[in-house]
Amino acid sequence: MKYLLFILTILILVSCSNKERDLTVKVNIKGLKKGIVFLKKVKDTVLVTVDSITINGNSEFELYSDIESPEVFFLYLNKNTSNDDRILFFADKGITEINTTLKNFVFDAKINGSKQQKTLEEYNNVLSRFNDQNLNLIKGRFEAQKEGDSSKLASIRKESDNLIKRKYLYTVNFALNNKDSEVAPYLALTEIYNAQIKYLDTINTSLTPEVKTSKYGKKLQLFIDNIKKYEKNN
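Let me begin by describing the structure that accompanies this report. Each chain carries its own residue numbering, running from 1 in the written order of its sequence. With the structure being a predicted model, the display of local features is reserved for residues of pLDDT at least 70 and the display and counting of side-chain atom pairs for 80 or more, all residues being used for whole-chain, interface and lining totals. Side-chain figures throughout are based on the complete set of non-hydrogen atoms in the structure, without hydrogens or water.

Digging into the pattern of salt bridges
Formally: Salt bridge criterion: a side-chain nitrogen from Lys or Arg within 4 Å of a carboxyl oxygen from Asp or Glu. In this text, helices come from DSSP runs of H or I with a minimum length of four residues, and strands from runs of E with a minimum of two, each type numbered from the N-terminal end.
The full count for this structure, using the stated rule, is five salt bridges. For Asp66, the salt bridge goes to Arg21, with nearest N and O atoms at 3.2 Å. On the criterion of sequence distance, the pair formed by Asp66 in the loop between strand E4 (60-65) and strand E5 (71-78) and Arg21 in the loop between helix H1 (2-17) and strand E1 (23-30) is long-range, its members being 45 residues apart. Residue Lys228 pairs with Asp201 through a salt bridge whose shortest N-O separation is 2.7 Å. Here Lys228 is found in helix H7 (residues 215-233), whereas its partner Asp201 is found in helix H5 (residues 197-206), with 27 residues between them in sequence. Taken together, the salt bridges that share partners define one network made up of Lys41, Glu71 and Lys215.

Here we look at H7
Here is the rule we go by: To estimate how far a helix should extend, the number of its residues minus one is multiplied by 1.5 Å. Only protein chains enter the accessibility calculation, which uses a 1.4 Å probe; a residue is then buried when its area is under 20% of its type maximum, exposed when over 50%, and partly exposed in between. Think of it as the arc spanned by the lines of direction from the helix axis to the C-beta atoms. The contact criterion used throughout is that any non-hydrogen atoms of two residues lie within 4.5 Å.
An ideal rise of 1.5 Å per residue puts 27 Å on 19 residues; H7 measures up with 27 Å between its terminal C-alpha atoms. Every buried residue belonging to H7 is among Tyr216, Gly217, Leu220 and Ile224, and all of these are buried. Along the axis of H7, the buried positions cluster into a sector of 110°, meaning they face one direction only. Turned more than 90 degrees away from the buried face of H7, the exposed residues are Lys218, Leu222, Lys229, Tyr230, Lys232 and Asn233. Buried residues along H7 sit in contact with E5, strand E6 (85-91), helix H4 (183-190), H5 and helix H6 (209-212).

Considering the sheet that holds strand E7 (residues 94-101)
Stated precisely, the cut-off is as follows: Here the rule is simple: two strands pair whenever DSSP picks up at least two bridges between them. Axis definition: a line fitted to C-alpha atoms, over the contacting stretch in the case of helices. Angles run 0 to 180 degrees between N-to-C directions.
If you trace the four strands from one edge of the open sheet to the other, you get E4-E1-E7-E8, paired in mixed fashion. For this open sheet the edge positions go to E4 and strand E8 (110-112), each flanked by a neighbour on one side alone. Direction aside, the axes of adjacent strands within the sheet are offset by 15° on average. For E1 and E7, the ladder comprises eight bridges, and the chain directions are parallel.

Remarks on unusual backbone geometry
The phi torsion at Asp44 lies on the positive side, around 55°, for a residue other than glycine. One can find Asp44 in the loop between strand E2 (34-43) and strand E3 (46-56). Unlike most non-glycine residues, Thr45 shows phi in positive territory, near 70°. Along the chain, Thr45 falls in the loop between E2 and E3. Under the relative-accessibility criterion, Thr45 is labelled exposed at 77%.

Topic: the packing of aromatic side chains
The following threshold applies: Note on aromatic contacts: the rings of Phe and Tyr and the six-membered ring of Trp form a pair at centre separations within 6.5 Å, being stacked when their planes are under 30 degrees apart, edge-to-face when over 60 apart, and tilted otherwise. Think of it as a cone above the ring: NZ of Lys or CZ of Arg counts as a charge over the ring if it is within 6 Å of the ring centre and within 35 degrees of the ring normal.
Tallying each qualifying case throughout the model produces eight aromatic pairs. Seen from their ring centres, Tyr170 and Phe174 are 5.9 Å apart, and the 45° between their planes marks the pair as tilted. Here Tyr170 and its partner Phe174 are both found in helix H3 (residues 150-177), four residues apart, which amounts to about one turn of the helix. The residues Tyr170 and Phe174 share a single accessibility class, namely buried. Chaining the aromatic ring pairs together yields one cluster made of Tyr123, Phe130, Tyr170 and Phe174. We note Lys40 situated over the ring of Phe38; from NZ or CZ to the ring centre the distance is 5.2 Å.

Thoughts on the sheet that holds E6
Across the sheet, which stays open at both edges, the four strands sit in the order E3-E2-E5-E6 with antiparallel pairing between neighbours. Of all the strands in the sheet, just E3 and E6 have a single pairing partner and so form its edges. Here the strands of the sheet are splayed against their neighbours by 25° on average, with no regard to which way each runs. As defined by bridge partners, E5 adjoins E6 across seven bridges and the pair is classed as antiparallel. Bridging across to E6, Leu77 finds its partner in Asp85.

Points about the packing of H5 against H7
For clarity, the threshold we go by: Note: crossing handedness is left-handed where the near helix turns anticlockwise from the far helix by less than a right angle, and right-handed where it turns clockwise. Residue polarity follows a fixed list, in which Ala, Val, Leu, Ile, Met, Phe, Trp, Tyr, Cys and Pro are nonpolar, Asp, Glu, Lys and Arg are charged, and the others, Gly among them, are polar.
Remark: H5 packs on H7, axes separated minimally by 10 Å, with the N-to-C direction vectors making an angle of 145°. When you trace H5 past H7, the crossing you get is left-handed. Where H5 abuts H7, its residues Ile197, Leu200, Asp201, Ile203 and Asn204 lie against Leu220, Gln221, Phe223, Ile224, Ile227, Lys228 and Glu231. Split by residue class, the contact of H5 with H7 holds seven nonpolar, two polar and three charged.

Regarding the packing of helix H2 (residues 115-147) against H4
Our working definition: For classification purposes, an angle smaller than 35 degrees is called roughly parallel, one larger than 145 roughly antiparallel, one from 65 to 115 roughly perpendicular, and anything else oblique.
For the pair H2 and H4, the least separation of the axes is 10 Å and the interaxial angle reads 45°. On the basis of the axis angle, H2 is oblique to H4. In this structure, H2 crosses over H4, and the sense of that crossing is right-handed. Across the interface between the two elements, Gln116, Thr119, Leu120 and Tyr123 of H2 pack against Val183, Tyr186 and Leu187 of H4.

Rendered as structure tokens:
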């Protein structure tokens, strides 16, 4: 009887170890010899580690995770320094490939995987233009303050406000044009969460049924419900 229980236990352990995971992240970090790489995601507002690996000579490896619906993950590289580098990517069930370098871990990252990742990259490409304009305005503001030019400061402040409005409208329009992608509610929650409720509501009502039942679709609905509840009671 004890022998039978032992055999059953071994079979269960083997079965669990051979369990296929929903998501496989294949990574190649050129130049990496030693370090620890973490696969993380946000769970209940907390960033948690779902898998990790210690690198000792082999720059190619795999990380795994369960996943119910498309969501954002983070690939962290700990190089035994005070600062961790991280790559954000949108994953779905299946395989995601990330190729990058140790020298420029974040900026050299090439990600091939989910259709949501491609949509997010399309958004980020345009968003980078807004960020560049914002950096120029910050530089101009600093110079105007240094020169004590109040007229120039007022002009730059007006440009900054217009830039923010344009970024918000671009994000809203992008989400509406991609209502069948989980990227839409994700952007609403991360990029324009403090926008007027009418914009968030417009995005939410436009989402396809499948996206509405996704992780970020549910979170957006809950977020909007909480805002309306707060406004009603205040």
